[in-house]
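Secondary and tertiary structure notes
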Amino acid sequence: MSRELWKGNEAIAEAAVRAGLEAYFGYPITPQTEILEYLSRRMPKLGRAFLQAESELGAINMVYGAACTGARVMSSSSSPGVSLMMEGLSYIAGTEVPAVLVNVMRGGPGLGNIAPAQGDYNQAVHGGGHGDYPRIVLAPASVQEAIDLMALSFDLAEKYRMITMLILDGSVGQMMEPAEMPEMRSPNRKKFDWATDGALNRDRRVLSSIYLDPLAEEQTNFRLMQRWKEVMANEVRYKEYFLEDAEIVIVGFGTAGRVSLSAVRAARERGIKVGLLRPVTVSPFPYEVLDRLTGQARTFLVVEMNTGQMLEDVRLAVRGRVPVAFYGRTGGVVPFPDEILDEIQRINTEPVSAEADPRQSWLDRMTAIKA
Amino acid sequence: MTIAPNNLVYDRPEAFTDMPTHYCPGCTHGVAHRLIAEVLDEMKVIDRTIGVAPVGCSVFAYNYFDTDFVEAPHGRAPAMATGIKRVLPDRIVFTYQGDGDLASIGMGEIVHAAARGENLTVIFINNANYGMTGGQMAPTTLPGMKTTSSPDGRDVETQGYPIRMAEMLSTLEGVGYCVRRSLHDPKNIRLAKKAIRTAFETQWRGLGFSMVELLSTCPTNWGMTPVNSLKFVEEHMVPAYPLGDYKITDPIKQIKV
């Protein structure tokens, strides 16, 4: 396959098709609508199911139904729409069926705006729907990476009978970049021993998230967490840049990580020993590599397009052994490499206090600039 | 006690499991379940049917039917059923929903499934209250009817008017078959069964969305004996929710059951 110019959202849609997507259910919302539009053209031609649902509630429950049959199924949305899907995600998790959801994140809270943001990290990684459930969350930083992670999303969801979310900000969804598509995989539906596809020549099956007996529900939650242990052991993915001798370690995912890389390169030209860790799986989070880097780094700098959500996971990994600083732009503002370079230079010359609250220090600096 | 086959006049349908139901004495859920099971038996589609259970008293419907079953979030059964049917168009997919589930929280899902003409069958149990949570007011609660959340009787000025689902959905182009029946006496139960069979036949032949609304009893939450509950359906529910065929398209009229 050759490299072609692909728009992020359309690339995701095509990559899903090539990964064997059998059914898509979605609802229009900017900045992800091109996924819906692309699949409305592509899926019917392949004899596969496409449906524009009446709402995100409808869409996620159609995904839930199709997932129960063992079909490869996905939906996509953007922040406010994903909030509406949280009910369905919890049920899908509780029923232990595989499904893929793409969130092309935008500025929030509330209606917010349609500019790129990473404010749904906590919703995706730590919460969202009700009850205890783990989920896999992948965070691509480029169109190519989004393509590559799409097939992986389905494979992981099916392997662990778990939701896989792909979170990217609006800029990755909207930008065009040269990228290479994988070959078309045949969409042969796997024969899962749990799928409710009609009890032909077998005993009937029931898929439900109900465990009326609290002890049975507790056992289910134990089972989900045991499975999560496997995910944590086997599926952590991250990218390392200039980390061999880095004294300052930047941690950023998605676009924040990508912009940080430009800043890291510029700082390296100025002789600053700085590197970047870019988590690709933000759930499972790469705690172990951060633990290792804690032995080498003088300071961590977390860069996000929110008010410091992944920051808490980095702090959990670092456990106060090394100071952690934070820099973020939020509400749909994308940081420039120069801003991050300024932060790197400041940290390089003024030691960061281990006692200071990194979020408050950042907020004080930001509001002082604005004033 | 074993009954000789030639003396057996009444048995469990094959589409039923052996599990006794959890429904209250006198509740017509059991009757509705049995009618569906008999239809699945007659059509010989047990091994190609996927049921979608709702949230409400019939949340455990999946325990009683010997078919594949999934359990939907409250009100979302038509969306889940849509997802199943779109990837398995040659299977029979049906939802079984109460009035809180279908006419309140799930109003969006049912209207759009009907509007799209999804080849699904919906069995809609209207007993004018939320049974499982203890008898609260539903969209179908009659004016003046006392419930635990309309203790002085439903006041239409502040709590609105009942919703007539069969009439409402019958206005939609995608609907093939939409009728209302009642379960309050043997004659009406026979008519209900015929309607359920026609609804499933509608789906089997790909003739569009089908729904049978069934007026049902809730002796426990109505605070009535089972017999008085049946009288209440006849005297109060039927006048408010007239029985009848609200939409039967021409190809469906040709179906003989």
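Every value quoted in this text rests on a predicted model; they were computed, and no experiment measured them.

Backbone hydrogen bonds are what pair the strands of a sheet, in a parallel or an antiparallel way. Strand order in the open sheet formed by 8 strands is E9(A)-E2(B)-E1(B)-E3(B)-E4(B)-E8(B)-E7(B)-E9(B), with mixed pairing between adjacent strands. Strands with a single pairing partner mark the edges of an open sheet, and in this sheet they are strand E9 (206–207) of chain A together with strand E9 (244–248) of chain B. Pairing of strand E1 (residues 49–53) of chain B with strand E2 (residues 68–71) of chain B involves 4 bridges; the strand directions are parallel. By the bridge assignment, Ala53 of chain B is partnered in E2 of chain B with Glu71 of chain B.

The interface is formed by 33 residues belonging to chain A together with 27 residues belonging to chain B. If you list the elements that add at least two residues to the side of chain A that touches chain B, you get strand E2 (23–26), strand E3 (49–52), helix H3 (56–68), helix H5 (86–95) and E9 of chain A. At 9 residues, H3 of chain A tops the list of elements feeding residues into the side of chain A that touches chain B. Taken together, the residues of the side of chain A that touches chain B break down into 17 nonpolar, 10 polar and 6 charged.

Before going further, it helps to spend a moment on the confidence of the model for chain B. Summing up the model confidence of chain B, the mean pLDDT is 97 and the portion of residues at 70 or higher is 100%. Across the predicted assembly, pTM comes out at 0.97 and ipTM at 0.96.

Moving on, we get to the packing of helix H1 (residues 29–43) of chain B against helix H7 (residues 186–204) of chain B. Residues and elements named next belong to chain B. Relative orientation of the contacting elements H1 and H7 amounts to 50 degrees, with a least axis distance of 9 Å. Relative to H7, the element H1 is oriented oblique. Note on packing geometry: the crossing formed by H1 with H7 is right-handed. Residues Val31, Leu35, Ile36, Glu38, Val39, Glu42 and Met43 of H1 lie in contact with H7, whose contacting residues are Ile189, Ala192, Lys193, Ile196, Arg197, Phe200 and Trp204. Classifying every residue of the contact of H1 with H7 gives 10 nonpolar, no polar and 4 charged.

Before going further, it helps to examine the nonpolar core. In globular proteins that are soluble, nonpolar side chains generally tend to be buried together. Among the nonpolar cores identified, the biggest contains 194 residues, and Val63 and Ala99 of chain A together with Ile123 of chain B are the most heavily contacted of them. Among the domains, domain 1 (3–186 + 205–234) and domain 2 (239–370) of chain A are the pair contributing at least three residues each to this core.

Turning our attention to the pairing of strand E4 (residues 121–126) of chain B. Every regular strand shows the same layout, with side chains that alternate between the two sheet faces. Residue and element names in this part refer to chain B. Counting buried positions along E4 yields 6 of 6 residues, so the element is predominantly enclosed. Burial along E4 is two-sided: the face carrying Thr121, Ile123 and Ile125 and the face carrying Val122, Phe124 and Asn126 are both buried. When strand E3 (residues 92–98) meets E4, the two strands line up parallel, connected through 5 bridges. Bridging from a neighbouring strand, Phe94 pairs with Thr121 of E4. Direction of pairing for E4 relative to strand E8 (residues 209–215): parallel, over a ladder of 6 bridges. The residue bridging Ile123 from the neighbouring strand is Val212, located in E8.

Residue and element names in this part refer to chain A. Following Gly108, the chain continues into Pro109 via a peptide bond in cis, with omega recorded as 10 degrees. Although it is not a glycine, Asn201 adopts a positive phi angle of roughly 55 degrees. Along the chain, Asn201 turns up in the loop between strand E8 (176–180) and E9.

The next point concerns H1 of chain B. All names here are of chain B. With 15 residues, H1 ought to run about 21 Å at 1.5 Å a step, and its terminal C-alpha atoms sit 21 Å apart, in line with that. Considered for burial, the residues of H1 that qualify are His29, Ala32, His33, Leu35, Ile36, Ala37, Val39 and Leu40. Buried positions along H1 lie against E1, E4, H7 and E8. The first or second residue beyond H1 is Lys44, which carries a positive phi of 55 degrees.

A separate point is the environment of Ser142 of chain A. All names here are of chain A. Considering the arrangement of structural elements, one finds Ser142 in the loop between strand E6 (136–138) and helix H7 (143–160). Judged by the 18 C-beta atoms lying within 10 Å of it, Ser142 is partly exposed. In this structure, the C-alpha to C-alpha distance between Ser142 and Met175, residues 33 residues apart in sequence, is 8.8 Å. Beyond its immediate chain neighbours, meaning those up to four positions away, Ser142 contacts Val172, Glu177 and Arg258.

Turning our eyes to something else, we now look at H7 of chain B. Residues and elements named next belong to chain B. The end-to-end C-alpha distance of H7 is 27 Å, a good match for the 27 Å that 19 residues give at a rise of 1.5 Å each. Within H7 the residues assigned to the buried category are Ala192, Lys193, Ala195, Ile196, Arg197, Thr198, Ala199, Phe200, Thr202 and Gln203. Among the structural elements, H1, E3, E4, strand E7 (175–182), E8 and helix H10 (250–253) are those in contact with the buried residues of H7. Of the residues trailing H7, Gly206 is marked for its positive phi of about 65 degrees.

Definitions and limits used
Throughout, a residue's number is its position along its own chain's written sequence, starting from 1. Following the order in which they are written, the chains are lettered starting with A and the ligands numbered starting with 1. Only residues with pLDDT of at least 70 get local features here, since the model is predicted, and only at 80 or more are side-chain atom pairs given and counted; chain-wide, interface and lining totals rely on the full set of residues. A pair of strands counts as paired when DSSP detects no fewer than two bridges linking them. Numbering of helices and strands runs from the N terminus; a helix is a DSSP stretch of H or I covering at least four residues, while a strand is a stretch of E covering at least two. Whether two residues are in contact is decided by their C-beta atoms, placed from the backbone, lying within 7 Å. When residue character is reported, Ala, Val, Leu, Ile, Met, Phe, Trp, Tyr, Cys and Pro are called nonpolar, Asp, Glu, Lys and Arg charged, and the others, Gly included, polar. Values of pLDDT, the confidence the predictor places in each residue, fall between 0 and 100. Note on geometry: axes are C-alpha line fits, over the in-contact stretch for helices, and angles between N-to-C directions span 0 to 180 degrees. In this scheme, roughly parallel covers angles under 35 degrees and roughly antiparallel covers those over 145, while 65 to 115 is roughly perpendicular and the rest are oblique. Crossing handedness follows the turn of the near helix against the far one: under a right angle anticlockwise gives a left-handed crossing, and clockwise gives a right-handed one. Put simply, a nonpolar core is buried Ala, Val, Leu, Ile, Met, Phe, Trp, Tyr and Cys residues tied into one set by C-beta atoms within 7 Å. Three exposure classes are used, all based on how many other C-beta atoms lie within 10 Å of a residue's own C-beta (placed from the backbone): buried at 20 or more, exposed at 12 or fewer, and partly exposed between those limits. Residue ranges labeled as domains rest on an automatic or database domain assignment. Between the first and last residue of a helix there are one fewer steps than residues, each counted as 1.5 Å, and that sum is the expected span.

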